[in-house]
Structure formats: structure tokens, C-alpha cells
Number of protein chains: 2
Amino acid sequence: MKVTIVEVAKAANVSVATVSRVINGNYPVKEETKQKVLKIIQELEYTPNIQARDLIKQQSSTVGVVVPSINNMFFPSVVDGIEKYFDSTQYSLFLCTTNHDKDKEIARINELIARNVAGIIVIDPNLENCKSKFYDNISKSTPVVFVNGYNTSSNISSVSNDETSGARMVIEYLFENSHRDILFIRGEKSYSYDVKEKVYRDVMSEINNLHEEYIINIGYGNSIETVNKTTEECVKILDSNKKISAVFACNDLMGIGIINACKKLNKKIPEDLSVIGYDNIELSEIVEPHLTTVDQNMFLLGENAATLLIEKIENGNKYSKKIILNNELIIRNT
Amino acid sequence: MKVTIVEVAKAANVSVATVSRVINGNYPVKEETKQKVLKIIQELEYTPNIQARDLIKQQSSTVGVVVPSINNMFFPSVVDGIEKYFDSTQYSLFLCTTNHDKDKEIARINELIARNVAGIIVIDPNLENCKSKFYDNISKSTPVVFVNGYNTSSNISSVSNDETSGARMVIEYLFENSHRDILFIRGEKSYSYDVKEKVYRDVMSEINNLHEEYIINIGYGNSIETVNKTTEECVKILDSNKKISAVFACNDLMGIGIINACKKLNKKIPEDLSVIGYDNIELSEIVEPHLTTVDQNMFLLGENAATLLIEKIENGNKYSKKIILNNELIIRNT
DNA sequence: GTGAAAGCGCTAACAG
DNA sequence: CTGTTAGCGCTTTCAC
């Protein structure tokens, strides 16, 4: 068994209260006693039990982070940002993955609450869950922050990229380069895709060139398999539809899938087909040709989410904030 | 404040013990009382406080996972394996990153212990820490499992790939294809690199063709920047040393770096240069040309680590085990 | 300055 | 079957 405060107290011939005081340094203790206790603590290799401390103090020093999947290049960067921020605090992170499953997401959140976390950051929350009352309810008692989520609740803070303007940037850039027949590739069950599709539809309608068959939903969109799934799906489409001169991929993984599709079809990029991705994951700079994309600055997304959560925890979950980060078109070779 | 068991008891007009019994189902409760309590629990949205439960039960339902970094394709896969396994248990994961920093690793481990975790999995533990008495000491009181770590302690379980045979496979395959001048790329501070370098040295010595200048250490090796770092470093080397006909890269990121270096030098792969990586991260199948590599089966690595930890927790940290997974050469196009 | 004692939310004997 | 009670490891009044 691990050594407890009682054993330290005994060994030092003082009361547990005194030991507690030297550990926390919140009440005066005679220097001599203090040194004695400190020495014993060292000798016995005593570490205070944080669980017990949290319990009595009626506080929590853990926060939960919920993420659809960790096996891609996008979410880990966001988590990195969150981690770096909490590094300098007394909080530790419970990381949970949902595997893009709506019910698992709910289960995970409930687990976190049972573990009495001080707050929860949800990255890319499931759209249905957002629309149901689930999060509304949770957020009454536990501080919640969304990253890139659909958020109508007044008691949830959120940080997201301005995907509307990002998507607009993409399409306008394509227009400037005289593209009119633009394939749109999206995934499912995330608000991000909906936002971008809306922009796409609006803008294409404006120029009277909206074709339903140009809008492709390839299913789950943020795992590494997305690349090959996109390639397979789009080889057919690009091969049969010669009018398409550009592709707007909702994320870089899909963008890379398109690049690979072009290799299969012997299409030259960007001569035969222009490709623009979204996110600017590190991979986009490593593939050949380097992918043109929109920078989401994932790390910053994470950092801001962490800041918002701390704020919410400290203000007693009373008010919320929405942060919208701007993004930037990174023009590379596609 | 969250609702506690006392309030449920009051509302249901029973004692807290009874409420506890219906929650845990470990003692008989009259069906009628049970239903009444269950109903109240629902109404009040009561969730038991796991921290308090762990405290009284003198147990812990959390485990710690320590990983150098989450921002690459290797570690997340291992973590995925670990997560999937713990999914079906009552354990939750504390995930910590060390950013490849030896002292941070120690700090993180101490934090986990203060949080009273049931056990700790360390992925790619820092070599110096392994050689110091740090882990020896920790593992006396807390179950510890290493993934791909240097492990001499009798009280630490570990799972690793048979990197010796893996490395040998690589070099022998290169020999079979008549390569004799093989560049060896490694990183620092991980046992994995040492193992592979030893094999490389041994085998090259056997054929009397060991050149110190063929052994390149490019520093931290498992972040995405590794790709470009390798490219930069190796463009010079490959350009100035025309005898080199093959490269053995200690991981796939470095392998991809070599591929990109060849593009810069207009070298054809595999005609002008053969490249073999290590790990078989998902990326290796997505880059062009597809990278020949050794499959580490990261997911399995994680799963096995989780199994070992559970075993150790259940046997009271009394005995340990080492698992060595075989690996397989994946011959692709480089 | 320091100790005794109460209590955080929960479980597990022990009685009844 | 059910209630009473002690106590997990810790912090924090309240006396002295």
C-alpha cells in the first residue's frame, strides 16, 4: 500500500493537520517543524492522493477531452494544443475516443461526468447529439467547450474556424482561375461538412452551375482510409465526367485521395485538374505535389478551447463565449 | 452541486446503503425497493462519484498512458490499440505526452502516481530513464508496462517487436538484391534505434563493408518534421556519395524523407536507389511510390500492452512478462 | 503554531 | 432484506 498522510504524521511526531499545512503552505508552520516534516516526506516517498484531495475540496483537477478518433493528422494536432495549455496547470486530461459513434460519444461523456471532471472539451461533436437536448442538459452542470461543433446552446463555449469564409475563399480562388465545374467532396455527420456544402451550393447557384451529381459524400471522412476511399470513389467520377476541372475537398485527406486518383488516371495536376483541400494538416506539405489548402491552425484551435474551458470553470459555468478563428488559403502546387 | 447518494436515499426514503446496493447489485434488495430507488436515480439524474468509490474501495479505475508525442502516425496507432482494449473494462485512460523530454517523462509519471492510477503503460520510454533506477523504483509499487522499451527490470512487463530480426530481414533482403553500400538512418534517445544499429553494424562488419559515415543520426525521429529533416540531411549525402545504392530508414517517416530527397535529386526509386522503412504506418501505403517497410503491427502492440497491464494489476504486480511480436517485411515499390 | 475532529461521497461489515 | 456505522485520505474549521 502507498504511504498516507497519517504515516507521515506519525513518523514526524506531528498531527496530520500539520503535515497538510506544510504540503499546501496555506497556514503558518514553524520552520523547524516544516523541515522535519519535509524530510520525512522525502524519506517515505510520500505523494498526496489527489483523488482524496479533490473529494474533500469539492473540486476536480481533471478535464475530459472527447475526440472522434486519434488516428489521423487533424485531431491529434488539436489535442496537442489542448495538452500544451493544460501542461502549466494542475489539470490532467482524460482522453476518450468515440470512433465517430454517436452513442459512444454519449457514453464517454457520461463516464467523464461520473469521474467528476471539471469540464469537457468535445472536438467535432456529433451533429445529431448537438441537435438533441443532450448537450444542453449536460452543459447545465458541467462546463462544455466545442471545437468545430454545431452550437446553439447558450451555455456552451465554442471555438471554430470560420469555415464559411474559408469555403468561400476556396471557391472564389477557383473562379479566379476560371474553373466553373467544381467537384465537391464531403464526409458525413459533422457540422463542418454542412457549412461548406451550404457555401458551395449558394455560390454555385449564383452562377447557375449547381449540379447535384458534383456533390459527393464519401462517408466517414477523417481517418486515414479516407484517402483510399476518396481515390476509389473519384476515379470513376473523374473518368466519366470530363467537364470537371477542379475539386474542392472538405479536408486534406480527401484532397490527397484526389491527387492519387489523378495519378491513376494519368491526369496532370494542376494542368488537367486543380485540387484544393482544407485543414492544412502536416501531411499536405509532404505529399507530392504539395497540396493547396486552407489553414485551420489546429494547434491554436486546441489552445483556445483550453482557455475557454478554464474560463468557464473559473466563472462557475455561468457564461459562455464563441471564438471564431480566421483562416488562410495556402497556395501550393495543386 | 451534483446530486449525491444521500439525496437519492432521502428522496427514496431508504438508507444510503440500500441505494449503494441497487447500484452495485452485489447484495439482495427487494424488487419493489429496487424499482423505487432506480426511479429516483433517473429523476435526479444521479451518477455515482467514481472518485469516492475508488477511494473507499482502495482501488483505482484509471490507468496512465505515457507517450512521447501524439503528432505522428505511429504512437496514435498504439494508443488506439490500448484504448480499444480498455473500452470493455471499467478503466479510463489518462493520456500524457512528454514531447520526447526525459524530465517531463518523469514528471508525468509522478503525476499519474499522485492520481493513484492502477498502472502505467509507457510507449517508447526514454533510454536514460530506463537505465537509471527510476523505473525500477516506480515499478515496485505501480504496475508498469513498456512498449518498445529497454527493459532490464524484473518487475516491468513489456511488449515489443522483434526489431533485431526485423532489421536483419531488411538488410538481408537488400543483400539479396545485390546492395552492399547501404545508408542507415536513425534517430536518437530510443532503444529501437540502438537495436537496429547494432544489427546493421554486425551484418555490415561481416561483409567487411562497415562505413561510419553511412550511419546517420538525424535527431528526434518520430514527429512529422522528421520527413523534411531527413530530406535535407540526405540530399547532401546522397548527392556526394554515389556508391550508396540503398537506404535502411529506422522508421517510415525517415523513409518518406528519403523518397522526397530522391525527387529533388531526380533519382529514380527503386532503379537508382532502394528504400526500406520500418513500422508500416498507414502513411507508407499512401505516398507514391508506396514504401517497402517492416510491419510492426502497432495496434497489436497496444492491445498486448493493455493485456499485460491488466494482468499485472490483477496479480498484484507480482510477476511480469515480456511479449515479443514477430514482424513481416512488406514489399512494395521502393 | 498546532492538534482534535468533522466531513467530502461512497462501500462494507455488522446488526437486526 | 435493510439501516447504522466506521472509515478510505485528505483539508479545514475550531479550540487551545
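Given the structure is predicted, the values throughout are model-derived calculations rather than measurements.

About the thresholds
Residues numbered from 1 in each chain as written. Chains lettered and ligands numbered in written order. Predicted model: local features only at pLDDT ≥ 70, side-chain atom pairs only at ≥ 80, totals over all residues. Heavy atoms only, no water. Pairing = 2+ DSSP bridges. Helix = DSSP H or I, 4+ residues; strand = E, 2+ residues; numbered from the N terminus. Axes fitted to C-alpha atoms, helices over the stretch in contact; angles between N-to-C directions. Contact = heavy atoms within 4.5 Å. Near = heavy atom within 4 Å. Polar contact = N/O pair within 3.5 Å; in protein donor to acceptor, adjacent residues only side chain to side chain. Nonpolar A, V, L, I, M, F, W, Y, C, P; charged D, E, K, R; others polar. Salt bridge = Lys/Arg side-chain N within 4 Å of Asp/Glu carboxyl O. Buried < 20%, exposed > 50% of the residue type's maximum accessible area, 1.4 Å probe, protein only. Phe/Tyr/Trp six-rings, centres within 6.5 Å; stacked < 30°, edge-to-face > 60°. Lys NZ or Arg CZ within 6 Å of the ring centre and 35° of its normal.

(A) Fine view of the sheet that holds strand β9 (residues 274-276) of chain A. All names here are of chain A. The parallel open sheet is built from four strands, whose spatial order is β7-β6-β8-β9. The two strands at the open ends of the sheet, each matched to only one other strand, are β7 (215-217) and β9. Taken over all neighbouring pairs, the strand axes of this sheet differ in orientation by 20° on average, direction set aside. As paired elements, strand β6 (residues 182-186) and strand β8 (residues 246-249) share four bridges and run parallel to each other. Bridged to L183 within β8 is V247. Sheet strands in contact with helix α11 (residues 225-240) are β6 and β7, and its direction is about 155° off that of β6.

(B) Quick peek at the protein's contact with DNA strand C. In the vicinity of DNA strand C lie 26 residues, with T18(A), T33(A), I56(A), I5(B) and Y46(B) positioned nearest. Among all atoms of DNA strand C positioned within 4 Å of the protein, those belonging to sugar or phosphate total 67%. A distance of 2.7 Å is found between a base nitrogen of DNA strand C and a side-chain nitrogen or oxygen belonging to R21(A). Residue N24(B) places a side-chain N or O atom 3.2 Å away from a phosphate oxygen belonging to DNA strand C. For the surface near DNA strand C, the elements supplying multiple residues, two or more each, are α2 (16-24) and α4 (50-57) of chain A together with α2 (16-24) and α4 (50-57) of chain B. A per-class count over the surface near DNA strand C returns twelve nonpolar, nine polar and five charged.

(C) Expanded view of the pattern of salt bridges. Counted under the stated rule, the structure contains 30 salt bridges over all chains. Here K133(A) and D136(A) are joined by a salt bridge, their closest N and O atoms 3.2 Å apart. With relative accessibility at 61%, the residue K133(A) sits in the exposed group. Among the ionic pairs, E111(B) bridges to R108(B), the shortest N-O distance being 2.9 Å. In this pair, E111(B) and R108(B) both sit in helix α6 (residues 102-114), three residues apart, roughly one turn of the helix. A relative accessible area of 32% means that E111(B) is categorised as partly exposed. Several salt bridges share partner residues, and in doing so they unite R186(A), D194(A), E197(A), R201(A) and E212(A) into one network.

(D) Seen up close, the packing of aromatic side chains. All told, the structure shown has 17 aromatic pairs over all chains when counted by the stated rule. Arranged with centres 5.5 Å apart and planes meeting at 75°, the rings of F184(A) and F248(A) form a pair that is edge-to-face. With F184(A) in strand β6 and F248(A) in strand β8, this pair connects stretches of sequence that are 64 residues apart. As far as the burial class goes, F184(A) and F248(A) line up, both buried. Ring-pair connections join several aromatic residues into one group, and the members of that group are Y85(A), F86(A) and Y91(A). The cationic tip of R180(B) hangs over the ring face of F175(B); the distance from NZ or CZ to the ring centre is 4.8 Å.

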